[in-house]
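# Coordinates in review
This is what each chain is made of:
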Amino acid sequence: MAGVSLHYEKTNKLEAAVQESIEPRGEVHVSPHITEGPEWDEARREGCESPQEPRLLQAMRAARLPEPKKQYVVEDERGIPFVRADFAYPNRGQGTRSRW
């Protein structure tokens, strides 16, 4: 039973850490001094949070994948945000069987 208790303790600590990093609007605090330059400007124009994300987005578009939701907040069964994905297809796998 000690393993189960440790799992719940780690889960609660993780949830607390995530909640501290997310503002009520679901935004993570990022220091402005590390987010400057043309690559960062492009990322912001695309709705992304780092220069690597637009590169992946361009590759996804080149592969003709559907446009994903950006900075998608995933909530637990209680409706509490616990993670935010850079890209997501939130309706995939929820009773839909259509192909991309």
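Just above sits the structure.
Going along each chain's sequence as written, the residues are numbered from 1 onward. Only residues with pLDDT of at least 70 are given local features in this predicted model, and only at 80 or more are side-chain atom pairs given and counted; all residues enter the totals for whole chains, interfaces and linings. Based on all heavy atoms of the structure, the side-chain values leave hydrogens and waters out of the count.

### Focus on the overall build of the chain
Selection criterion: Counting from the N terminus, the helices are the DSSP runs of H or I reaching at least four residues and the strands are the DSSP runs of E reaching at least two. Working definition: with a 1.4 Å probe on protein chains only, accessible area under 20% of the residue-type maximum means buried, over 50% means exposed, and in between means partly exposed. In what follows, a contact means two residues having at least one pair of non-hydrogen atoms within 4.5 Å. Only the protein chains shown count as cover for residues, and all accessible areas are computed by the Shrake-Rupley method using a 1.4 Å probe.
In terms of helices and strands, the chain carries 3 helices and 2 strands. N-terminal to C-terminal, the α/β element order of the chain is α-α-α-β-β. A buried classification covers 20% of the 100 residues belonging to the chain. A fraction of 26% describes how many contacts in the chain between residues 6 or more apart in sequence connect residues 24 or more apart. On the chain, roughly 7800 Å² of surface is accessible, and the fraction owed to carbon and sulfur atoms is 54%.

### Some points on the pattern of salt bridges
Think of it this way: side chains of opposite charge can pair up when their charged atoms draw near. Short version of the rule: Here a salt bridge means any side-chain nitrogen of Lys or Arg lying within 4 Å of a carboxyl oxygen belonging to Asp or Glu.
This structure, assessed with the given rule, holds 7 salt bridges. Between E67 and K70 there is a salt bridge whose closest N-O contact spans 3.5 Å. Between D76 and R78 there is a salt bridge, and its shortest N-O distance comes to 2.6 Å. For D76, a relative accessible area of 14% puts it in the buried group.

### Some details on the pairing of strand β1 (residues 69–75)
Put simply, the test is: A pair of strands is considered paired only if DSSP assigns at least 2 bridges between the two.
Two strands pair when backbone bridges link them, and β1 and strand β2 (residues 81–88) are joined in this way by 6 bridges, in the antiparallel orientation. Each residue of the ladder has a partner; that of V74, found in β2, is V83. Hairpin connection between β1 and β2: a loop of 5 residues separates the two successive antiparallel strands, and G79 in this loop has a positive phi of roughly 85 degrees.

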